[in-house]
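Chain and residue survey
Listed below are the residues making up each chain.
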Amino acid sequence: MISDGKTIIRKIGKDSFLPHLRINQIKKVNDVLYVATGGGLVVASETDTTIYRKEEGLFSSIVINFDVDNDGNIWLTTIKGFSVITTDGKIINLSEDQYFRNSFCETIKADRYGNIWVGTREGLLVFNKQLFLRKGTLTNPKWFYKGDIPIDFITKITEDQFGDFWIGTKTGVLKYEFKANNNHKIARGNFTYYSIANLFIKDIYVDIEQNIWLGTRGGGAVKIQGDIFWTYGLNDGLLNRE
(Lines give C-alpha, C1' and ligand atoms only; values in the text may rest on other atoms or scores of the structure.)
Protein backbone atom coordinates (compact mmCIF):
# COMPACT_ATOMS: atom_id res chain seq x y z
CA MET A 1 0.00 0.00 0.00
CA ILE A 2 1.48 3.36 -1.05
CA SER A 3 0.78 6.69 0.64
CA ASP A 4 2.38 9.34 -1.56
CA GLY A 5 3.41 7.40 -4.68
CA LYS A 6 6.88 6.71 -3.26
CA THR A 7 6.71 5.52 0.31
CA ILE A 8 5.46 2.01 1.01
CA ILE A 9 3.63 2.23 4.32
CA ARG A 10 2.25 -1.29 4.44
CA LYS A 11 2.90 -4.49 2.55
CA ILE A 12 -0.21 -6.60 2.07
CA GLY A 13 0.01 -10.21 0.97
CA LYS A 14 -1.21 -13.71 1.72
CA ASP A 15 0.37 -13.48 5.17
CA SER A 16 -2.08 -10.67 6.03
CA PHE A 17 -5.70 -10.61 4.84
CA LEU A 18 -5.42 -11.38 1.12
CA PRO A 19 -6.62 -14.88 0.18
CA HIS A 20 -4.76 -14.79 -3.14
CA LEU A 21 -1.95 -12.75 -4.69
CA ARG A 22 -3.78 -12.15 -7.97
CA ILE A 23 -5.48 -8.74 -7.68
CA ASN A 24 -8.14 -8.01 -10.29
CA GLN A 25 -9.65 -4.79 -8.91
CA ILE A 26 -9.34 -2.45 -5.92
CA LYS A 27 -11.82 0.24 -4.91
CA LYS A 28 -12.49 2.27 -1.77
CA VAL A 29 -16.10 3.26 -1.09
CA ASN A 30 -17.13 5.19 2.04
CA ASP A 31 -13.96 4.22 3.93
CA VAL A 32 -14.38 0.54 3.08
CA LEU A 33 -11.71 -1.15 0.95
CA TYR A 34 -12.87 -3.74 -1.59
CA VAL A 35 -10.34 -6.05 -3.25
CA ALA A 36 -11.28 -8.57 -5.94
CA THR A 37 -8.77 -11.44 -6.01
CA GLY A 38 -8.28 -14.87 -7.47
CA GLY A 39 -9.33 -16.26 -4.11
CA GLY A 40 -12.39 -14.19 -3.22
CA LEU A 41 -13.64 -10.66 -2.54
CA VAL A 42 -12.09 -8.89 0.45
CA VAL A 43 -14.19 -6.25 2.23
CA ALA A 44 -12.06 -4.42 4.81
CA SER A 45 -13.05 -1.57 7.12
CA GLU A 46 -11.05 -0.08 9.99
CA THR A 47 -12.57 -2.58 12.42
CA ASP A 48 -13.41 -5.69 10.40
CA THR A 49 -12.37 -7.76 7.39
CA THR A 50 -14.67 -10.19 5.58
CA ILE A 51 -13.72 -12.49 2.71
CA TYR A 52 -16.41 -13.83 0.35
CA ARG A 53 -15.46 -17.04 -1.47
CA LYS A 54 -17.08 -20.16 -2.82
CA GLU A 55 -17.23 -21.43 0.76
CA GLU A 56 -19.37 -18.41 1.73
CA GLY A 57 -21.80 -18.98 -1.14
CA LEU A 58 -20.28 -17.50 -4.32
CA PHE A 59 -20.29 -19.68 -7.44
CA SER A 60 -16.56 -19.17 -7.76
CA SER A 61 -13.81 -17.71 -5.59
CA ILE A 62 -12.23 -16.12 -8.67
CA VAL A 63 -13.73 -12.62 -8.57
CA ILE A 64 -13.06 -10.66 -11.75
CA ASN A 65 -14.83 -7.34 -11.23
CA PHE A 66 -17.28 -5.66 -8.84
CA ASP A 67 -19.31 -2.54 -8.21
CA VAL A 68 -21.08 -1.16 -5.13
CA ASP A 69 -24.46 0.43 -5.78
CA ASN A 70 -25.93 3.47 -4.02
CA ASP A 71 -27.64 1.25 -1.46
CA GLY A 72 -24.47 -0.62 -0.51
CA ASN A 73 -25.17 -3.89 -2.35
CA ILE A 74 -22.04 -5.46 -3.84
CA TRP A 75 -22.37 -6.76 -7.41
CA LEU A 76 -19.53 -8.98 -8.59
CA THR A 77 -18.56 -11.08 -11.57
CA THR A 78 -16.84 -14.45 -11.63
CA ILE A 79 -15.81 -17.00 -14.24
CA LYS A 80 -19.13 -18.82 -13.68
CA GLY A 81 -21.69 -16.02 -13.62
CA PHE A 82 -22.38 -13.09 -11.34
CA SER A 83 -23.46 -12.61 -7.72
CA VAL A 84 -24.81 -9.88 -5.45
CA ILE A 85 -24.08 -9.57 -1.75
CA THR A 86 -26.99 -7.61 -0.31
CA THR A 87 -26.73 -5.13 2.54
CA ASP A 88 -28.09 -7.76 4.95
CA GLY A 89 -25.43 -10.28 3.92
CA LYS A 90 -27.56 -12.44 1.63
CA ILE A 91 -25.86 -13.82 -1.48
CA ILE A 92 -27.83 -14.24 -4.71
CA ASN A 93 -26.14 -15.99 -7.64
CA LEU A 94 -27.01 -16.19 -11.30
CA SER A 95 -25.37 -19.36 -12.47
CA GLU A 96 -23.73 -20.52 -15.65
CA ASP A 97 -26.78 -22.72 -16.33
CA GLN A 98 -29.19 -19.79 -16.36
CA TYR A 99 -29.56 -17.40 -19.31
CA PHE A 100 -25.90 -17.22 -20.35
CA ARG A 101 -24.43 -18.19 -23.69
CA ASN A 102 -21.04 -17.69 -22.07
CA SER A 103 -20.96 -17.48 -18.28
CA PHE A 104 -17.51 -15.85 -18.01
CA CYS A 105 -18.59 -12.42 -16.76
CA GLU A 106 -15.83 -9.85 -17.31
CA THR A 107 -17.36 -6.68 -15.84
CA ILE A 108 -20.37 -5.30 -13.96
CA LYS A 109 -21.76 -1.81 -13.36
CA ALA A 110 -24.64 -0.42 -11.26
CA ASP A 111 -25.90 2.74 -12.96
CA ARG A 112 -27.68 5.83 -11.61
CA TYR A 113 -30.98 4.77 -13.17
CA GLY A 114 -31.40 1.52 -11.21
CA ASN A 115 -30.01 -0.81 -13.88
CA ILE A 116 -27.26 -3.41 -13.58
CA TRP A 117 -25.00 -3.94 -16.60
CA VAL A 118 -23.10 -7.21 -16.97
CA GLY A 119 -20.51 -7.74 -19.69
CA THR A 120 -19.75 -11.33 -20.68
CA ARG A 121 -17.57 -12.93 -23.33
CA GLU A 122 -20.69 -13.46 -25.41
CA GLY A 123 -23.26 -10.80 -24.72
CA LEU A 124 -24.17 -7.67 -22.77
CA LEU A 125 -26.90 -8.05 -20.13
CA VAL A 126 -28.93 -5.17 -18.63
CA PHE A 127 -31.65 -5.62 -16.01
CA ASN A 128 -33.57 -3.80 -13.28
CA LYS A 129 -31.84 -3.95 -9.90
CA GLN A 130 -34.87 -3.79 -7.64
CA LEU A 131 -36.78 -6.47 -9.53
CA PHE A 132 -33.81 -8.80 -9.33
CA LEU A 133 -33.32 -8.23 -5.60
CA ARG A 134 -37.01 -8.74 -4.92
CA LYS A 135 -37.46 -11.91 -6.99
CA GLY A 136 -33.94 -13.36 -6.91
CA THR A 137 -33.96 -13.93 -10.66
CA LEU A 138 -33.98 -11.95 -13.90
CA THR A 139 -37.25 -10.29 -14.95
CA ASN A 140 -37.51 -8.96 -18.52
CA PRO A 141 -33.74 -8.63 -18.99
CA LYS A 142 -32.23 -7.01 -22.07
CA TRP A 143 -29.60 -9.10 -23.85
CA PHE A 144 -27.39 -7.68 -26.60
CA TYR A 145 -25.58 -10.20 -28.77
CA LYS A 146 -23.61 -9.90 -31.98
CA GLY A 147 -26.12 -8.54 -34.45
CA ASP A 148 -27.66 -6.27 -31.81
CA ILE A 149 -24.22 -4.74 -31.26
CA PRO A 150 -21.13 -5.08 -33.51
CA ILE A 151 -19.04 -6.91 -30.88
CA ASP A 152 -20.45 -8.92 -27.96
CA PHE A 153 -17.19 -9.82 -26.17
CA ILE A 154 -17.49 -7.19 -23.41
CA THR A 155 -14.45 -6.31 -21.28
CA LYS A 156 -15.29 -3.13 -19.33
CA ILE A 157 -18.26 -0.83 -18.57
CA THR A 158 -17.92 2.76 -17.32
CA GLU A 159 -20.50 5.53 -16.83
CA ASP A 160 -19.63 9.17 -17.51
CA GLN A 161 -21.05 12.24 -15.75
CA PHE A 162 -23.80 12.59 -18.36
CA GLY A 163 -25.14 9.12 -17.60
CA ASP A 164 -23.87 7.66 -20.87
CA PHE A 165 -21.92 4.41 -20.98
CA TRP A 166 -18.58 3.47 -22.47
CA ILE A 167 -18.31 -0.24 -23.08
CA GLY A 168 -14.99 -1.87 -23.86
CA THR A 169 -14.81 -4.84 -26.21
CA LYS A 170 -12.07 -7.04 -27.62
CA THR A 171 -11.77 -4.82 -30.72
CA GLY A 172 -12.86 -1.32 -29.74
CA VAL A 173 -15.37 0.60 -27.66
CA LEU A 174 -19.15 1.07 -27.69
CA LYS A 175 -20.89 4.21 -26.47
CA TYR A 176 -24.46 3.90 -25.20
CA GLU A 177 -26.45 7.14 -24.98
CA PHE A 178 -29.76 7.35 -23.15
CA LYS A 179 -32.23 9.28 -25.26
CA ALA A 180 -34.26 12.00 -23.56
CA ASN A 181 -37.58 10.47 -24.61
CA ASN A 182 -37.06 6.84 -23.57
CA ASN A 183 -37.43 7.39 -19.79
CA HIS A 184 -34.08 5.70 -19.18
CA LYS A 185 -35.27 2.43 -20.68
CA ILE A 186 -32.67 0.42 -22.51
CA ALA A 187 -33.11 0.53 -26.30
CA ARG A 188 -31.23 -1.40 -28.96
CA GLY A 189 -30.61 1.55 -31.28
CA ASN A 190 -28.61 3.78 -28.97
CA PHE A 191 -25.14 2.26 -29.48
CA THR A 192 -22.25 3.86 -31.36
CA TYR A 193 -19.24 1.67 -32.13
CA TYR A 194 -15.66 2.93 -32.41
CA SER A 195 -13.19 0.43 -33.82
CA ILE A 196 -9.77 1.39 -32.50
CA ALA A 197 -7.27 -0.51 -34.64
CA ASN A 198 -8.87 -3.73 -33.38
CA LEU A 199 -7.44 -3.09 -29.89
CA PHE A 200 -8.55 -5.18 -26.92
CA ILE A 201 -9.86 -2.70 -24.30
CA LYS A 202 -8.71 -3.60 -20.77
CA ASP A 203 -9.89 -0.54 -18.83
CA ILE A 204 -11.83 2.71 -19.25
CA TYR A 205 -11.40 5.85 -17.17
CA VAL A 206 -13.26 9.19 -17.26
CA ASP A 207 -11.06 12.09 -16.12
CA ILE A 208 -12.11 15.33 -14.43
CA GLU A 209 -12.48 17.06 -17.81
CA GLN A 210 -14.71 14.21 -19.07
CA ASN A 211 -12.14 12.87 -21.48
CA ILE A 212 -12.35 9.11 -21.96
CA TRP A 213 -9.15 7.11 -21.48
CA LEU A 214 -8.82 3.56 -22.79
CA GLY A 215 -6.19 1.13 -21.59
CA THR A 216 -5.50 -1.51 -24.22
CA ARG A 217 -3.78 -4.85 -24.48
CA GLY A 218 -0.58 -4.22 -26.39
CA GLY A 219 -1.68 -0.97 -28.03
CA GLY A 220 -0.87 1.63 -25.40
CA ALA A 221 -3.40 4.20 -24.19
CA VAL A 222 -6.11 6.03 -26.14
CA LYS A 223 -7.66 9.37 -25.15
CA ILE A 224 -11.08 10.29 -26.57
CA GLN A 225 -11.52 14.06 -26.47
CA GLY A 226 -14.80 14.90 -28.15
CA ASP A 227 -14.48 13.53 -31.67
CA ILE A 228 -10.68 13.37 -31.53
CA PHE A 229 -8.77 10.20 -30.67
CA TRP A 230 -5.24 10.53 -29.29
CA THR A 231 -2.95 7.50 -28.97
CA TYR A 232 -0.01 7.15 -26.58
CA GLY A 233 2.71 4.53 -26.85
CA LEU A 234 6.37 3.91 -26.17
CA ASN A 235 7.44 6.98 -28.15
CA ASP A 236 5.26 9.14 -25.86
CA GLY A 237 6.93 7.93 -22.67
CA LEU A 238 4.91 4.85 -21.72
CA LEU A 239 7.02 2.08 -20.20
CA ASN A 240 5.21 -0.60 -22.19
CA ARG A 241 2.16 -1.05 -24.41
CA GLU A 242 -0.04 -2.79 -21.84
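Note: the structure precedes this text.
Keep in mind it's a predicted model, so treat the numbers as computed, not measured.

A separate point is the overall build of the protein. Regarding its fold elements, the protein presents one helix and 20 strands. Taken across its 242 residues, the protein has 48% of its residues classed as buried. A fraction of 39% describes how many contacts in the protein between residues 6 or more apart in sequence connect residues 24 or more apart. Here the protein has roughly 12,800 Å² of accessible surface; of this, 46% comes from carbon and sulfur atoms.

Time to look at the sheet that holds strand β2 (residues 32–37). With antiparallel pairing, four strands are arranged side by side in an open sheet as β1-β2-β3-β4. The two strands at the open ends of the sheet, each matched to only one other strand, are β1 (23–29) and β4 (49–52). Neighbour-to-neighbour, the strand axes of the sheet open up by a mean angle of 15 degrees, direction not taken into account.

The next thing to look at is the pairing of strand β6 (residues 74–78). Within β6, five of the five residues are buried, which leaves the element mostly enclosed by the surrounding structure. Along β6, one buried face is formed by I74, L76 and T78 and the opposite face, lined by W75 and T77, is buried too. Linking strand β5 (residues 63–68) to β6, which pair antiparallel, is a turn of five residues; within it G72 sits at a positive phi near 100 degrees. In this structure, β6 lies alongside strand β7 (residues 81–85), joined through five bridges in antiparallel fashion. Bridge assignment links T78 to a residue of β7, and that residue is G81.

As a further point, take the environment of E106. Looking at the secondary structure, you find E106 in strand β9 (residues 105–110). Since its relative accessible area comes to 14%, E106 is described here as buried. With residues up to four places along the chain from it excluded, the contact list for E106 reads I64, N65, T77, G119, T120, R121, F153, I154 and T155. Looking at E106, its side chain comes within polar contact range of the side chain of R121, at 2.7 Å.

Attention now moves to the pattern of salt bridges. Per the counting criterion, the structure on display carries nine salt bridges. Salt-bridge contacts for K109 lead to D67; the nearest nitrogen and oxygen are separated by 3.8 Å. Remark: D67 occurs in strand β5 and K109 occurs in strand β9; sequence separation between them is 42 residues. On the basis of relative accessibility, which here comes to 5%, the residue D67 falls in the buried class. A salt bridge links K129 to D71; its shortest N-O distance comes to 3.0 Å. Of this pair, K129 sits in helix α1 (residues 129–135) while D71 sits in the loop between β5 and β6, placing them 58 residues apart in sequence. Each of the salt bridges in this network shares a partner with another, and the network as a whole consists of K27, D67 and K109.

About the thresholds
Residues numbered from 1 in each chain as written. Predicted model: local features only at pLDDT ≥ 70, side-chain atom pairs only at ≥ 80, totals over all residues. Heavy atoms only, no water. Helix = DSSP H or I, 4+ residues; strand = E, 2+ residues; numbered from the N terminus. Buried < 20%, exposed > 50% of the residue type's maximum accessible area, 1.4 Å probe, protein only. Contact = heavy atoms within 4.5 Å. Areas by Shrake-Rupley, 256 points an atom, 1.4 Å probe, with all protein chains shown as cover. Pairing = 2+ DSSP bridges. Axes fitted to C-alpha atoms, helices over the stretch in contact; angles between N-to-C directions. Polar contact = N/O pair within 3.5 Å; in protein donor to acceptor, adjacent residues only side chain to side chain. Salt bridge = Lys/Arg side-chain N within 4 Å of Asp/Glu carboxyl O.

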